[in-house]
Structure formats: structure tokens, C-alpha cells
Amino acid sequence: MDILKKSGEKVVLLGNEAIARGALEAGVGVFAAYPGTPSSEVPMTIARVAKKRRMVFEYASNEKVAFETAAGAALSGVRAMTAMKHFGLNVAADSISPIAYYGPKAGLVVLVADDPNGWSSAQSEQDTRYYARMFRMPMLEPSDPQEALDFTRFAFDLSEEFNIPVLIRTTTKVSHVIETVKLGKLKKPRTKGSFVRDYEHYYNIRPGLQKLHREVDRKLERIEKKYGQKLNKVYNRNSNSKIGIIASGVSYQYAAELSSLLGLKVPIAEINMTFPLSRKFIANFIKGKKAVLVLEELEPIVEEFVKQVAKEVNPRLEVHGKDMLPRYGEYTLELLLPVFEKIFRKSYGLDLKAHKRKYEKAVEGLPPRKPVMCYGCPHRSTFYAVKKVFGNTKNVVYPGDIGCYVLGIFEPFKMQDLVVSMGASVGIAHGITRVSGQEVVVFVGDSTFFHAAMPAIANLRFHDGKSPLVVVLDNHVTAMTGHQPHPGSGFTATSDPTKAIDIAEVAKALGAEVRVANSFNQKQLEQALRELREVKGPRVLVSRGECRLFWRRNMIRKGLSWPVFEVDQNKCQKCGVCTDEFSCPAITKDTSGALPVFRIDPNLCWGCSVCAQVCPYGAIRVKKEG
Amino acid sequence: MNYDIMLTGVGGEGVLTTQVVLARAAHYQGYMVEGVQLHGLAQRGGHIPAFVRLHSFNQTVSPAVMQANADLVLAFEPLESVRAAYYARKDKTVFVINDDPLKPVYGNILDIPYPSMDEIKKRISGFAKDIHIVRASEIAKQKLGKKIYGNILMLGYAKAKGLLPISEKNIIKAVKETVRYDVDKNLKAFRIGLEMGR
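Basis of the calculations
Residues numbered from 1 in each chain as written. Chains lettered and ligands numbered in written order. Predicted model: local features only at pLDDT ≥ 70, side-chain atom pairs only at ≥ 80, totals over all residues. Heavy atoms only, no water. Helix = DSSP H or I, 4+ residues; strand = E, 2+ residues; numbered from the N terminus. Rg over C-alpha atoms; globule rule 2.2 N^0.38 Å. Buried < 20%, exposed > 50% of the residue type's maximum accessible area, 1.4 Å probe, protein only. Contact = heavy atoms within 4.5 Å. Lys, Arg positive; Asp, Glu negative; His and termini not counted. Charge placed at Lys NZ, Arg CZ, Asp CG, Glu CD. Areas by Shrake-Rupley, 256 points an atom, 1.4 Å probe, with all protein chains shown as cover. Pairing = 2+ DSSP bridges. Axes fitted to C-alpha atoms, helices over the stretch in contact; angles between N-to-C directions. Parallel < 35°, antiparallel > 145°, perpendicular 65-115°, else oblique. Left-handed = near helix turned anticlockwise from the far one by under 90°. Nonpolar A, V, L, I, M, F, W, Y, C, P; charged D, E, K, R; others polar. Salt bridge = Lys/Arg side-chain N within 4 Å of Asp/Glu carboxyl O. Expected span 1.5 Å × (residues − 1). Right-handed = clockwise from strand over helix to strand, strands pointing away. Buried area = accessible area lost by both parts, 1.4 Å probe. Polar contact = N/O pair within 3.5 Å; in protein donor to acceptor, adjacent residues only side chain to side chain. pLDDT = per-residue confidence, 0-100.

Q: How should I be thinking about the overall build of chain A in this particular structure?
A: Scanning chain A from terminus to terminus reveals 22 helices and 25 strands. Taken against the 2.2 N^0.38 rule, which gives 25 Å for 626 residues, the C-alpha radius of gyration of chain A at 27 Å falls within 12% of a compact globule. Each of the three principal axes of chain A carries a C-alpha extent, and together these read 80 × 65 × 55 Å. Buried positions account for 60% of the 626 residues belonging to chain A. For chain A, the proportion of contacts with a sequence separation of at least 24, taken over those separated by at least 6, is 77%. Averaging the locations of the 88 positively and 65 negatively charged side chains of chain A gives two centres separated by 3 Å.

Q: Would you explain the overall build of chain B in this entry?
A: Looking only at helices and strands, chain B features eight helices and six strands. Taken over the C-alpha trace, chain B has a radius of gyration of 16 Å; the compact-globule value for 198 residues is 16 Å, and the two agree within 12%. Along the first, second and third principal axes, the C-alpha set of chain B runs to 50 × 35 × 35 Å. Here chain B holds 198 residues, and the buried ones make up 65% of them. Of the contacts formed within chain B by residues at least 6 apart in sequence, a portion of 66% connects residues at least 24 apart. Roughly 7000 Å² of accessible area belongs to chain B as shown, and the carbon and sulfur atoms make up 48% of that amount. Taking the 27 positively charged and 19 negatively charged side chains of chain B as two groups, their mean positions are separated by 4 Å.

Q: Would you take a moment to explain the sheet that holds strand β9 (residues 233–235) of chain A for this structure?
A: Residue and element names in this part refer to chain A. As summarised here, the arrangement of the five strands in space is β9-β11-β10-β13-β14, forming an open sheet in which the pairing is mixed. The strands lining the two open edges of the sheet, one partner per strand, are β9 and β14 (318–320). Across the sheet, the mean angle from the axis of one strand to that of its neighbour is 20°, orientation sign disregarded. Of the pairings in the sheet, the one linking β9 to strand β11 (residues 268–271) comprises three bridges and is antiparallel in character. In the strand pairing of β11, V234 is matched with A269.

Q: Just checking my understanding: could you explain the packing of helix α1 (residues 15–28) of chain B against helix α7 (residues 168–178) of chain B for this structure?
A: Describing two packed helices takes the angle between their axes plus the distance from one axis to the other. Residues and elements named next belong to chain B. Put simply, α1 and α7 touch, their axes get as near as 8 Å, and they point 130° apart. Taken as axis vectors, α1 and α7 run oblique relative to one another. Note on packing geometry: the crossing formed by α1 with α7 is right-handed. Between α1 and α7, the residues in contact are T17, V20, V21, R24, A25 and Y28 and N170, I171, K173, A174, V175, E177 and T178, respectively. Each residue belonging to the contact of α1 with α7 can be placed in one class, and the counts come to seven nonpolar, three polar and three charged.

Q: Is there a simple way to explain the packing of helix α5 (residues 136–144) of chain B against helix α6 (residues 150–160) of chain B in this structure?
A: Residue and element names in this part refer to chain B. Interhelical geometry of α5 versus α6 gives an angle of 115° and a closest axis separation of 8 Å. Judged by the twist between their axes, the crossing of α5 over α6 is right-handed. Packed against α5, whose contacting residues are A136, S137, I139 and A140, the element α6 presents G150, L153 and M154 at the interface. Partitioning the contact of α5 with α6 into residue classes produces five nonpolar, two polar and no charged.

Q: In this structure, what is going on with unusual backbone geometry? I would like to understand it.
A: Trans peptide bonds make up most of the peptide bonds, and negative phi angles are found at most residues other than glycine. Residue and element names in this part refer to chain A. Between R206 and P207 the backbone carries a cis peptide bond, its omega angle lying at 10°. The step from E411 to P412 runs through a cis peptide bond, and the omega angle for that step is 0°. Structurally, the position occupied by P412 is in the loop between β16 (399–400) and β17 (418–419). Its identity as a non-glycine residue notwithstanding, K574 has a phi of 60°, on the positive side. Here K574 lies in the loop between β22 (565–567) and α21 (577–582).

Q: Any chance you could explain the pattern of salt bridges here in plain terms?
A: Close approach of charged atoms allows side chains of opposite charge to pair. Residue and element names in this part refer to chain A. Applying the stated criterion to the full structure yields 48 salt bridges over all chains. Close ionic contact of R515 with E513 constitutes a salt bridge, the shortest N to O distance being 3.1 Å. Its relative accessible area of 22% is what places R515 among the partly exposed residues. In this structure, R621 and D568 form a salt bridge, with 3.0 Å as the shortest nitrogen-oxygen distance. Taken together, the residues span a long stretch of sequence, with R621 in strand β25 (residues 620–622) and D568 in the loop between β22 and α21 at a distance of 53 residues. Residue classification places R621 among the partly exposed residues on the basis of a relative accessible area of 32%. Under the relative-accessibility criterion, D568 is labelled buried at 10%. Salt bridges linked by common partners bring D114, D127, R129, E141, R169 and E296 together as one network.

Q: Honestly, helix α16 (residues 424–435) of chain A in this entry has me stumped. Any pointers?
A: Note on helix geometry: an α-helix contains 3.6 residues per turn, so any two residues three or four positions apart are oriented the same way. All names here are of chain A. Spanning twelve residues, α16 covers 17 Å between terminal C-alpha atoms, matching the ideal 16 Å at 1.5 Å per step. For α16, the set of buried residues is A424, S425, V426, A429, H430, I432 and T433. If you follow the buried residues of α16, they end up packed against β15 (396–397), β16, β18 (439–445), α17 (446–462) and β19 (469–474).

Q: Sorry if this is basic, but what is going on with the pairing of strand β20 (residues 513–518) of chain A here?
A: Along any regular strand, the residues point their side chains to alternate faces of the sheet. All names here are of chain A. Where β20 lies against strand β21 (residues 539–544), six bridges are found, and the strand directions are parallel. Across the sheet, N518 pairs through a bridge with R544, a residue of β21. In this region the chain leaves β20, passes through helix α19 (residues 522–533) and returns to the parallel neighbour β21; the handedness of that crossover is right-handed.

Q: When you look at the interface of chain A and chain B in this model, what are you seeing that I'm missing?
A: In many analyses, interface size is given as the accessible surface area lost on bringing the parts together. With 70 residues of chain A in contact, the opposing surface of chain B contributes 64 residues. Counting the surface lost from both chain A and chain B, the interface buries some 6000 Å², and carbon and sulfur atoms represent 60% of this. Of all residues in chain A, A:I178, A:P367 and A:R369 give up the largest surface area on contact with chain B, accounting jointly for 14% of the area buried on that side. Inspection of the region where chain A meets chain B yields five salt bridges. With a shortest N-O distance of 2.7 Å, B:R53 and A:E257 are connected by a salt bridge. Inspection of the region where chain A meets chain B yields 24 residue pairs in polar contact (both at pLDDT 80 or more). Listed by contribution, the elements that provide at least two residues to the side of chain A that touches chain B are β1 (10–14), β8 (177–182), α10 (251–261), α13 (333–344), α14 (352–362), α20 (548–557), α21 and β23 (587–590) of chain A.

Q: Before we go on, may I ask you to explain the confidence of the model for chain B in this structure?
A: Detailed reading of the predicted coordinates is not advisable wherever pLDDT is low. Looking at chain B as a whole, the pLDDT averages 93, with 97% of positions reaching at least 70. Among the scores for the predicted complex, ipTM is 0.96 and pTM is 0.96.

Q: Sorry, what's going on with the environment of A:G244 here?
A: Residue and element names in this part refer to chain A. Along the chain, G244 turns up in strand β10 (residues 243–248). Residue classification places G244 among the buried residues on the basis of a relative accessible area of 0%. Each C-alpha atom of the pair G244 and K466 lies 62 Å from the other, and the pair is 222 residues apart in sequence.

Below you can see the structure in the form of C-alpha cells.
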């Protein structure tokens, strides 16, 4: 495995793998995380090697618990880390804030991966850099996998040197980038420590609180002083250009590539520590310059700081950034090129606008390829049954949640009326039923159930009366992010068996009327839904069906095959239910002839049998051998 | 030198595995390698673009290929080759397309027909220096039992056509290092691709 290769070797690593390697080089002893893309491969990589490295690795039930686990270990003197996506930080924030004041006894590092452009997330393009200021925690921002590795290793040292937790922030275009990376030395993890009682220090009730706050601010001042110049870099320092570039994260890579593309020799300041920002570093860089272009995705955090510093040291400096570039989405080479051409008065000699117009014409009228639920996905079957029972009129509301089932937002279901945050569907549904006579059916995944839906379900019984119907889509794993286990899975991150918590039992204990149905059995689903529809108080349907992708992988691993289905052309009445209403991607509609012909691709059929159940004419059957 | 490759296809076709094979092969060849995978929400059946950029060690290159700048588009699915045209241009880009249409369900639902291969060629002709259509999935299925080997077959084909500045030996080494199952069949697929391209 490349991730465990020797010091000095050069290997191709994904940004997230490089971060994992950096943690291993720092001798991380405890790693806990809740998976969230674009950060998922960091815990996945550590999970694969945790046993071999004799370190502790856990998938926690949510990001807050994951952070707390890491913090508990670090407060007991063991190097610890957690990784999460941007929204995960919102969940963990409640505990991060006080721990930042306390400061750990051993290195404590939090990786957070933002997702401008929403490659793997809906909901929002939040810029988590603001959190660093609010928490009073230093934040390092690598621009590529090599820096990701180096900064992660360094973050542990920095954390220990100042007894302060450290944030590392990436974006998708750092986490999901592959690059040739030079490895450092692996360090043997230490996993044993103990918590030392210290009332003096942990006294965070007033006036101890102010003392802790003052201390953390002092630490940040010292960090700025010691590392502000060292961590940030200047390229082409000796250039005599009066215009400079200040960039952070992947924007530095764009700046460097565009400069060489246009043959520019301009100084580029790479900001690697975005909090605390170094006043001195910026002041030195902008002195004597006529203009600077600040490149950072999302919010103008560095830009505002540069403007502040410029007021003191170079009031006539022109500061460009968000006046020419959007605050939304990602930067790309083609987005930045015209800005470079304008500021540096050079031309690349390619009319990209005309090219784009030509491209848009070329793709006009093509069938869209939006993401879909897999062949044989249990969620599709559940959505189909719910739609059949409840319909999709104005009188029924379907608040959505976070997981594969978010794909129910697309045709033919359109049953994710809004998507907010992990577990939010239940709370929002409760609010809707408080004021509206509409029927409300919410969809929550199994992992999401443990993550954040349980408190909202408890709240239903607390205020019973009219209640939404909660459908728990239990496919046994956290499927969306790569089949990680959760408290209901029955096995741990390191594949050790553990007692699975039964979601139906939990829902009962939280005061709900519960039914359990097999996701691949339309009759069972329908019956359970019809029964629960009549129940007045809190009600939960646990729709149980293993993630078909996960199931299929295990079948292949065991060398097993499964029956596939086919359309009996003699019985098919061309009604189109299988393609237009059920829409398994393994079923195609050939419209080249006078009448459409429906076929199931035997290479793609994962044998779930639900299409045969929904066909009104019994025209879908198990394919005969040969 | 710089050599920019875009890979495109549909989730489940092995786009990301092939990307890693190419990246490793280029690394063994002595290039500095950059690339990015943009999968995220794409489950099975979603569209997956990925990049591999080969360059020398004294250059800083960002992860994604610039619009209109790919040298090679490896499309594992014909419809997606059209959408890859964003990264292609007439005087530079060669397309290698696997002739294995995977019709998106939304075409069914919204009644938008899947274009014919002739139409696909016509749509990308303004962006391509050359277009190779390869029956990769079909031949992989025929000779090796599974369509999935078609992606490594495509690498063999592209290599034989002089479209990959990487040695056969390094590609084979990368396949062995990267592919988790059925290494032998993948290596056979590579050889079949080489034959087809010669």
C-alpha cells in the first residue's frame, strides 16, 4: 500500500490520502470521524491501516461525538485527529469552541473539507474559514496533496507547541486531487495516556472563562509572530512587477499555472495560514506595489485583511478580488484567465467565450445524466410505495434529508421537497404539522437516524398529537460516503463485530408506533404505510433492505451470482410504468420502432425483483438460463 | 512537456480506477502528475469526469484541465464524450470513445432520445482533431467475460495509437499496482487493446 511506503519515496496520492499519511507521520494515536464527502477518504484510509499501525480508529455516530472522542484522547495526552465535511463542523462546533479555550495536552487536529460548487453536497457553500476566528483556533490551508501531507504532520507539532487545537481546511479541489507526493517518516503511534485533574485550568466558569479567552488570544498572537512569516511563502520574490498576487488554497495553483501560461514573472504570495493572518507578511508583500489581485474562493476574508493592512502601509494600493470574481462556486483556470489578461495586459490568444458558445450548441438537446439511485436500490422501492400510498399532491409534504435518498429529488419521484441538514427533516416536519393540515412524510437514513434524527423523534412524542410519518430507510450502512458502518450495522470500522442497535426498538423507546417492512417487498411496504397512515401520534416505518451496491460487492467477493430479470415481450402492454414511474436504470425504452420496446440489461440487473412487483401485467420474470 | 488527459464516463464504469492507473503509470514514467476526480453525488449511473495531467517537475500545474485544452479525451461512454467537448478543441484534442451507450434514465422519463453514433461524431467534430471509436466493452465482454475490462483495453488502444506518452511496461506495472481483482484479465485487456490499435 502506497500509504505505508518508506520515507523519501515518491508516490501518487489523493489529497485526502496525503492528509491521512501526514497524520500517520505525526504518530496519531486516536482517529475518530463521521464520514462526509469531500473528506471521506481521510478516515477511510486510516481505517484500512489502523490495525496494522496499532492505533485507535472509530467511526462515530456524528461529527460532534467524533470530535469529542479525539478531544478526550488529546486531553489525556494522546495525539488525536478528526475529519469532517464543512457541515460536519457545524455539528461539532458546540464542543470545539470550549475545547479551543482549554487546549489539548497532545496534538489535536481537525480537518474540515469545504465544497464550493457543491460537488458532493447540496445545502450551502459555507466558508468554514470564519470558524477559525470564532473558535480562536489556527487554520492551515494546503493548496495541493504535498502541502496537505506536510501541513497535517506540522499541525500536530503546532498544536502541542501552543496547547491549542489546529484546524486544517481543504476544498474538494485539494481533497480529491491526485499528485506525486514525497513521503516523510512514519512515527509509531502512542495510544495510552491519562487525564490529569486540574481544576485551576479547566475552571471555565466566570471569571475563569475570561482568563481562558485571554490565554487563547495570546497563543494566537505568539503563533502569528513565530509562524506568520515562515508558513506563508512568496514566489518570484525578486520580480520587479508592481502588481502582485495573493492566493490561498487551490487558487495558488491556478495563479502559478496562469502566470507561466501567460509568461508572467509576477510575485505570488501563498497564504498557507489563513488564521491568524500575518499582518507583517502582508505588509512586506504589498509595500511599494501598485496593485494586488487576491485569489480565494467564496468569501473575501484574505482580501478584507489586505485592505485593512493597506490602509496603514500603502493606502494607494489597488486591491482586486471579489470586484472581478464571484463569491459563489469554484475558481477555474478559464474563469481566472480573463481576469489575468485584463490585469496583466497579456493575451492567451484563445477565444474561450466563443468556444463555450460553440460547446453549448453541441450539447443542446442531449438527454441529461443526473445522478441516480443504483440498480436495485432499496430506496427506489420505498419511494415508489410511499408515492403509491400518499401520492404527490399539494396535500402531502416530503421533507428530505441527507443520504443517497436525496436522489429522490429528481424525476420520477420528486419527493424531497427540501433538504436542510442531517436529521432536519423530522424537526421541520414537526413544525409543518404544527401549523398545517397537510400530511407529512419524511425520509431519514439509518446512519442519519443515529446521527441527528433521534432527538427530533423524541420531540414528537413529547408534543404528540398530529405527527409526521417518519420513514427510516435502513440499508445497514452509511452508503453515500462509501459504506461505512454505523451503530446499527453490527460491525466496526476495523471490521470487528459489535452489537447492532435495532432502529425499530429505538423508535419504540422514543414513543413511536413502529412497523418494519422489507424494502424489496412492495406489498409489505404498502400495508405498513396504510396502517401507519391511520395512526395519530408519532409513527415510524423502518424500511429494511441492504444497500444493493454493498450487497452486490459482497456477492461478487464470495463468488456468488444472482437471478436477473427480463421482460416477457408477449405479455408487455407498453404501459411504461417500469421506466417512467419506477425508473430503474437497468430498464431501457427503445423508441425507434412504432411501439416502444422495454428491455432489462442483464449486465446491469442486480436482481432486486421490485420491477416484477410493480409491473401491472406480470410481464417481468426471472430470466431463464442461456 | 505538458500532456492533459480527460477521462469521462458513467459511475460504475471504472473511470476512477483507470484514472489512478494512468496517474501511476505516468508517475513511473518520471512525470509529475496532477489530477482530480469529480465524483461526489454521482452514484451508479451518474456522470464522472476525471483528469490526469502529466508535466515536468519544475512546473506548477493545477488539478483540472483548462477549457479547450485537453490533448486526449478517453470517453468510456459516447454521450459523455460530447459533454467532454468543453475541454477539447479542433487543433489539439483526440477523442477515443468506447462504443457502449448507457442510456440515462432521464432520457426515458423526459422522452429525449439517445443520439446515434453518427450524431455524436457530428456534435464533437468541431472539437476534435481525430475521433477513434473503439468497441471496447463489447470485445472485453466477448473475449474476457465482462465489459468492465474495456477501460484498460482502451488504454492499450490509446497506447498503440501513440496517444499516451508512457511506456507499455509502466502501464502494466500501474495496472498490477492498482487493480484489485482479476489482474490477469486486465493485463489481457491491455494487450487486446494494443492489438486493436496497431
